[in-house]
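Chain and residue survey
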Amino acid sequence: MSHRFLRPIYTMKSILTTFAFFVIASTVYAQTVTKNIKSIHLDTSREVKVRLPKSYKKDPNKEYLLILTLDGDYLFDPIVGNVKYFSYWEDMPEAIVVGIKQLQTRKEDCGYDSNTYLPEYEGKKFYDFVSKELLPYLEDNYRLAKFKIIVGHDYTGNFINYFMRTEKSPFQAYINLSPEYAPTMADRAVDILTATEEKTWYYLATGSNDVKGLREDIILVNDQLSQIENENVRYRFDDFEDASHYSLVALGIPRALEDIFSIYRPISKKEYKEKIVNLETSPYDYLIEKYDIIKSLLGVEKRIRVNDFIAISTALEKKEDWDELEKLGNLARKVYPAHMLGNYYLGTAYENIGEPKKAMRTYQNGFLLEEISFLTKDIMLEKAERIKQDFGY
């Protein structure tokens, strides 16, 4: 039996068509507050904007991944808009977004020594502010998961790379939007990403109408980064046609988030056809591994989606693997105990392994539970009655 279970894959065109809507929507600002963080290193206070998910106060035990953006004056809102959109469709987890305001200080904040090309003077102070004051403040005051993303554009796009280390980096993902790389930054990034034993996502973007010098450097850096062979590193590069230094930001943010959270998304038609149907191992094991990875990499506890249960059950029925479908039914009972999903899978499995009486009782018990997805009480009753008539129970 097949079911309509999989959502369409969203194209970049459809995402960008809606981009203008969710950036300007008034709800973007509903959960946003501005904090003045006192800094010993900067010898002043720095304004940061903090946007909490709507569910933050509802679930006091839930942890949220962090997206920290430099250039918060103009990058904060488009990031919040994208996070709201993607998390609404469950294409990424909900996230806390923090933006550091730098309108008057960005060049000084991102300064580096002309000999070592490492942060010096004001740049070193800003680096220490972020790593030694802001991040600990956020850890102490908000429920943060272990997965953290940092975002930057041109000057700040270079600066975020200083936080990369071969071990115990404060961030697991770096979104570089047309970065103005320091002279030795490309070699430094390549060396770190080649050697790191930590799972790391690295996104880099330019556009055909980007600033000429930046674009040329970025293309060369991409040539180097593309040669990295490290299973711990996921690298993505985009060169957007007709995009300028500024318009590529609106294209790069959703593309980066889409790539970083590819493992988190519900099973799509493409994933089903290209991966699950052709598995040599069990689709059931594929489902378990998918959610184990979400937990281990993103630090997010995610209940298995009904969509994904249906995808895996369809594959198991196609393979006629009734033992694995029974396992799936027991799992569905555990995940959705008040609903009839688990009973449906168990009943189907029992029918096909030659236990009709057990299947009938399972369907009858499922009739008493709540409906879910394509399953209704009528379906469960019909299943039980058919067995009853066929076998004369």
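Residues numbered from 1 in each chain as written. Predicted model: local features only at pLDDT ≥ 70, side-chain atom pairs only at ≥ 80, totals over all residues. Heavy atoms only, no water.

What about the pairing of strand β5 (residues 144–153)?
In the case of a regular strand, side chains alternate between the two sheet surfaces. Applicable threshold: Only protein chains enter the calculation, and the probe is 1.4 Å; a residue is then buried if its accessible area is under 20% of its type maximum, exposed if over 50%, and partly exposed in between. By definition, any uninterrupted DSSP run of H or I lasting at least four residues is a helix, any uninterrupted run of E lasting at least two residues is a strand, and each is numbered from the N terminus. In this scheme, strands are said to pair when DSSP sees at least two bridges between them.
A large share of β5 lies buried, amounting to nine of its ten residues. Across five bridges, the pairing between strand β3 (residues 64–69) and β5 is parallel. Directly across from isoleucine 67, in β5, lies its bridge partner isoleucine 149.

Quick look at the packing of aromatic side chains
The condition is simple: Planes of paired rings set the category: under 30 degrees apart is stacked, over 60 is edge-to-face and the rest tilted, where pairs are Phe, Tyr or Trp rings (Trp by its six-membered ring) whose centres lie within 6.5 Å. In this analysis the charged atom, NZ for Lys or CZ for Arg, is taken to sit over a ring once it is within 6 Å of the ring centre and within 35 degrees of the ring normal.
For the coordinates displayed, the defined rule picks out 19 aromatic pairs. By the ring-pair criterion, three or more aromatic residues cluster together here, those being Phe126, Tyr127, Phe129, Phe159, Tyr162, Phe163, Phe171 and Tyr174. Here the basic side chain of arginine 143 rests over the ring of tyrosine 56, its NZ or CZ set 4.0 Å away from the ring centre. Positioned above the aromatic ring of phenylalanine 367 is the side chain of lysine 377, whose terminal nitrogen or guanidinium carbon lies 5.2 Å from the ring centre.

Considering the nonpolar core
Stated formally: Only buried residues count toward a nonpolar core, which is a set of Ala, Val, Leu, Ile, Met, Phe, Trp, Tyr and Cys residues joined through side-chain atoms within 4.5 Å. Throughout, a residue-residue contact means that at least one pair of heavy atoms, one from each residue, lies within 4.5 Å.
By size, the foremost hydrophobic cluster in this structure holds 72 residues, and its most contacted members are Ile67, Leu177, Phe261 and Phe309. Among residues more than four places away in sequence, those in contact with isoleucine 67 are Ile79, Val83, Met92, Ala95, Ile96, Val97, Val98, Ile149, Val151 and Leu257. Counting residues in hydrophobic clusters, the runner-up holds 46 residues, among them Ala186, Ala189, Ile192 and Leu225.

These results come straight from atomic positions and should not be treated as a statement about function.
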